[in-house]
Amino acid sequence: MTGAIFQLLKNKILVLDGAMGTLIQSHKLKEADYRGDRFASHNKVLSGCNDVLNLTQPDIIDGIHTRYLEAGADIIETNTFNANAVSLADYKMEGHVYEINFQAAQIARKLADSYTQSNPLKPRFVAGSIGPTSRSLSISPDINKPEYRNITFDALSDAYFEQIKALVDGGVDIILIETVFDTLNAKAALYAACKVFEACGKELPVIISATITDNAGRNLSGQTLEAFLCTFEHYPLLSIGLNCAFGAKEMYPYVKELSELASFNLCIYPNAGLPDEAGKYNETPQEMAALIENYCSKNIVNIIGGCCGTTPEHIKLFAEISEKYKPRQPVALSNDLKLCGLECINIHSGINFVNIGERTNVTGSKKFSELIEKGDFKTAAEIARNQVMSGAQVIDICMDAPLLDARQAMVIFLNHIASEPDIARVPYMIDSSDWNVITDALKNIQGKPIVNSLSLKDGEAAFIEKAKLIKQFGAAVVVMCFDESGQADTFERKIQIAGRAYSLLTTKAGILPQNIIIDPNVLAICTGTNESRYYAHDFIKAVRWIRENLPHVSISGGVSNLSFAFRGKDSIRAAMHAVFLYHAIKAGMNMGIVNPAQLVLYDEIPPALREIIEDVLFNRKENADELLINYINTSEYFLKNHAVLEEWIGWAPADRLRHALIHGIDKYIVEDTLNLASALKNPVELIEKNMMEAMNTVGVLFGEGKMFLPQVVKSAKVMKTAVNALMPLINKSQGTMAMKDKIIMATVKGDVHDIGKNIVSIVLSCNNVTVIDLGVMVPAEKVVEEALKNNAMAVALSGLITPSLHEMVHVAAEMEKRKLKIPLLIGGAATSKKFTALKLYPVYSGPVIYIKD
């Protein structure tokens, strides 16, 4: 039966039953009914404990299932939403978990089998209902103690194990983990389910259904739908979906979003509208059926059903509707690496380099180490925040220090930063040589992190065992090029280990290639040994081989290791890193651990120094090491504290402004801006000529791979500071001219990039246009609503990543649906003239304009 449902979903939309609680309430049960004879003397009130009715009122539960089966439900849920030890403890019923779940499964099983036997062409299935409990693994119940949790992953997982084991023993076909408000809770349930499957020797299909709690499309713990999906893409789910919280009307945009993203079947069971003042759900079967038919007719669902307030009358109409339409076809799983914290990041060809911040590592930051040792996790979290604000797309977290309890420190720090959305939005890299630290960390992260690292140094059996556990937690994995013989230090050893590890992970551990990150070992050069002369060249050569021979993997490295021989000489290290990254990225390296605040521009390194560094990296001269050391000791570039002399300070004002904007230096930016503006009749000229010329240079350097995203972020921030300083002068020179024209500007949903958009916003604002910037991750419905509300003259959309293109099409379609005719402006790195013409122009009858830069 379990295999049959996968095949069935390819051909038809299946119907899930409706609300169990709603029908139980219709019986108006009293305390004595809940207790029955079995629990007549129980010392705790049982009213409201619906799960105990499986034991005390089985006929009522039988009758409810029968009504839904008669209505046409293909899948009925067991009456076990709160039948776990954590929830049942409120009624002092935790000792009856197994019996309640087993009995619930048996009641449903017998009925489903009976209906299947009477009509084999319409098989019926039983889903074991697993609720979220009232506890959260990601949110502290004490606002003053962000690191505190009132339950652990292991305790919650053990509670789920007991429940799921009973459901499986009782004969359910499907495990349904539903109403998920905290993704980490769902991970604990899935972890338990996998352990049950292993213990029982059979694997059941699993459905995971989230509940979103606000109009931004996030769950209670703050995770976006795309990140929620990303968290579980490693597991072959039967379906993923949404239930509760919203009615079918309010849920539609989120269903559509999931439909365009999910490689799984999509299961949707909303409430019967929104509750009224008395908490009742009043949407009639006919009203709700019309909304459900909209889902089915647009082919965006695979399973439909009802949550709070729905009845057999609702389900009967859903069953009739489902026969009329074909099911949704799941999208193909992307070959890109996807990671997530509260938000998702897609690592693909549109991003030239993913910067992994290194300062939350006790071995890489003395300040961070001291704070952790003192137990000052609050201040330590600020270092993480600064890394993200400086442009780190992932943060590396390591607690491996001799005098530190790494396991405890890791858990406390992870729990602390989970309550900081500015930090928690990015994925984490968990970095440790202690396997226990890694497993503890994985149990305290609700998104999809990276494990750093795995290697073959302990042999294949240990390698595969650990890899399988990493996969079970849904993490990506860094593979270091080590094996039983030690570290790979030559090109031949690097590619041999990389190829072997890739084969084992994909064939023996079942890890998808896109979830593998290979680190070919960045080793220190200029150490005085003959071997070190080849380290950088062999690394870059290995990167090229891996990119050509191991499809879909990412390639990373600890960049600061390269210049270890020059500790204390920060400027030479920064220059070496910039040159190394320039060549490694061209070869195919797409990730790296580096301090984003210390990146310098490749083109700004003195040509003589750049040539010497390249001589060292590629071993082009016998005495390259000596030439580099001699340059450091004699060049004025490094005479003062090994730092670049600020000779640019003496340049002409316009040149100084340009330099500051390109390099993201804000030290003199306000002073220089105001001095230059004072000589102009119209201060806007300074923006349109000098400032935009500098930002165009930034764009060119970024496109050529000579500048990285964190540096672009710094430049944009300095640009914003300069414009803010100019605004009073602009307003004065232009008088109080009313800004009548309004433009709605937004980075589309699923995308958080806004640098180019911010610059355009500044220029438009300086030209008497009111820019209503909706920010990032903006749903299509909000874009359209704001355009209508403000009578906007145009809508401008930005997107840097490929998935943003699909969302732009959605926005265009919504604008057409609402009969807008204003121009739609499209810009961002992912967009193109061809895409605009082929995908956007056909769905929107107003002007569609591609903005190149």
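Throughout what follows, the structure given in this document is the object of discussion. Since the structure is predicted, the reported quantities are computational estimates derived from the model, not experimental observations.

## Focus on the packing of helix α11 (residues 248-261) against helix α12 (residues 285-297)
Then, number 1: Across the interface, α11 lies against α12 with an axial gap of 10 Å and an inter-helix angle of 15°. When the interaxial angle is binned, α11 and α12 end up roughly parallel. Between α11 and α12 lies a crossing whose hand is right-handed. Side by side, α11 and α12 meet where Ala 248, Lys 249, Met 251, Tyr 252 and Val 255 of the first sit next to Leu 291, Ile 292, Asn 294 and Tyr 295 of the second.

## Brief notes about the sheet that holds strand β23 (residues 794-798)
Then, number 1: In space, the five strands of this open sheet follow the order β22-β21-β23-β24-β25, with parallel pairing throughout. Of all strands in the sheet, those bounded by a partner on one side alone are β22 (769-773) and β25 (848-850). The sheet shows a mean angle of 25° between the axes of neighbouring strands, direction not considered.
Then, number 2: Where strand β24 (residues 824-827) lies against β25, three bridges are found, and the strand directions are parallel.

## Things to note about the pairing of strand β9 (residues 337-340)
Then, number 1: Judged by which residues are buried, β9 turns out to be covered on both faces: Leu 337 and Leu 339 on one side and Lys 338 and Cys 340 on the other are all buried.
Then, number 2: As defined by bridge partners, β9 adjoins strand β10 (residues 344-347) across four bridges and the pair is classed as antiparallel. Counterpart to Cys 340 in the pairing with β10 is Cys 344.
Then, number 3: Between β9 and β10, which follow one another and run antiparallel, lie three residues.

## So, the pattern of salt bridges
Then, number 1: Inspection of every chain in the model, using the stated rule, returns 33 salt bridges.
Then, number 2: In this structure, the salt-bridge partner of Lys 122 is Asp 74, at a minimum N-O distance of 2.8 Å. Linking Lys 122 in the loop between α7 (97-118) and β3 (125-130) with Asp 74 in the loop between α5 (58-71) and β2 (75-77), this pair joins segments that are 48 residues apart in sequence. Across the pair, Asp 74 and Lys 122 agree in class, each one buried.
Then, number 3: Between Arg 385 and Glu 382 there is a salt bridge, and its shortest N-O distance comes to 3.0 Å. Of this pair, Arg 385 and Glu 382 both sit in helix α15 (residues 377-389), three residues apart, which is roughly one turn of the helix.

## Regarding helix α30 (residues 780-789)
Then, number 1: Buried residues of α30: Ala 780, Val 783, Val 784, Glu 786 and Ala 787, and no others. Mapping the buried residues of α30 onto a view down its axis gives an arc of 165°, with all of them on the same face.

## Focus on the packing of α12 against helix α13 (residues 312-322)
A pair of packed helices is captured by two measures, namely the crossing angle of their axes and the spacing between those axes.
Then, number 1: Where α12 meets α13, the axes come as close as 9 Å, and the angle between the chain directions of the two elements is 30°. The angle between α12 and α13 falls in the class roughly parallel. Where α12 crosses over α13, the handedness of that crossing is right-handed. Contact residues: α12 offers Pro 285, Gln 286, Met 288, Ala 289, Ile 292, Glu 293 and Cys 296, while α13 offers Glu 313, His 314, Leu 317, Phe 318 and Ile 321.
Then, number 2: Across the contact of α12 with α13, the residue classes tally to eight nonpolar, two polar and two charged.

## Quick look at the side chain of Asp 538
Then, number 1: With respect to the helices and strands, the residue Asp 538 is situated in helix α21 (residues 535-549).
Then, number 2: Of the side chains with opposite charge, Lys 541 comes closest to the buried, unpaired Asp 538, at an N-O distance of 5.6 Å.

## Details of a nonpolar patch on the surface
Then, number 1: A surface patch of nonpolar side chains, about 190 Å² in accessible area, is lined by Val 670, Leu 674 and Leu 729.
Then, number 2: Relative to the helices and strands, Leu 729 is located in helix α28 (residues 709-733).
Then, number 3: In this structure Leu 729 comes out as partly exposed when scored by relative accessible area, which is 30%.

## Structural notes on the nonpolar core
Then, number 1: Membership of the largest hydrophobic core comes to 195 residues, with the highest contact counts inside it found for Met 399 and Leu 628.
Then, number 2: Those residues in contact with Leu 628 that sit more than four places away from it in its chain are Cys 526, Phe 566, Ile 572, Met 576, Leu 609, Ile 612, Ile 613 and Val 616.

## Brief notes about the side chain of Gln 223
Then, number 1: Checked against the element boundaries, Gln 223 lands in the loop between β5 (206-210) and α10 (225-231).
Then, number 2: Looking at Gln 223, its side chain comes within polar contact range of the side chain of Thr 183, at 2.4 Å.
Then, number 3: Contact partners of Gln 223, with chain neighbours within four places excluded, come to Thr 183, Gly 217, Arg 218, Phe 228, Thr 231, Cys 340, Gly 341, Leu 342, Gln 446 and Gly 447.

## Section: unusual backbone geometry
Then, number 1: Along the chain, Asn 452 connects to Ser 453 via a cis peptide bond; the corresponding omega equals 20°.
Then, number 2: Its location among the elements puts Ser 453 in strand β14 (residues 450-454).
Then, number 3: Even without a glycine there, the phi angle at His 552 is positive, about 75°.
Then, number 4: Structurally, His 552 is set in the loop between α21 and β19 (554-555).
Then, number 5: Of the residues examined, His 552 reaches a relative accessible area of 38% and is grouped as partly exposed.

Cut-offs used in this document
Residues numbered from 1 in each chain as written. Predicted model: local features only at pLDDT ≥ 70, side-chain atom pairs only at ≥ 80, totals over all residues. Heavy atoms only, no water. Axes fitted to C-alpha atoms, helices over the stretch in contact; angles between N-to-C directions. Helix = DSSP H or I, 4+ residues; strand = E, 2+ residues; numbered from the N terminus. Parallel < 35°, antiparallel > 145°, perpendicular 65-115°, else oblique. Left-handed = near helix turned anticlockwise from the far one by under 90°. Contact = heavy atoms within 4.5 Å. Pairing = 2+ DSSP bridges. Buried < 20%, exposed > 50% of the residue type's maximum accessible area, 1.4 Å probe, protein only. Salt bridge = Lys/Arg side-chain N within 4 Å of Asp/Glu carboxyl O. Arc of directions from axis to C-beta. Nonpolar A, V, L, I, M, F, W, Y, C, P; charged D, E, K, R; others polar. Lys, Arg positive; Asp, Glu negative; His and termini not counted. Patch = residues over 30% accessible without salt bridge, like charges linked within 9 Å, V, L, I, M, F, W, Y side chains within 5 Å. Areas by Shrake-Rupley, 256 points an atom, 1.4 Å probe, with all protein chains shown as cover. Core = buried A, V, L, I, M, F, W, Y, C linked by side-chain atoms within 4.5 Å. Polar contact = N/O pair within 3.5 Å; in protein donor to acceptor, adjacent residues only side chain to side chain.

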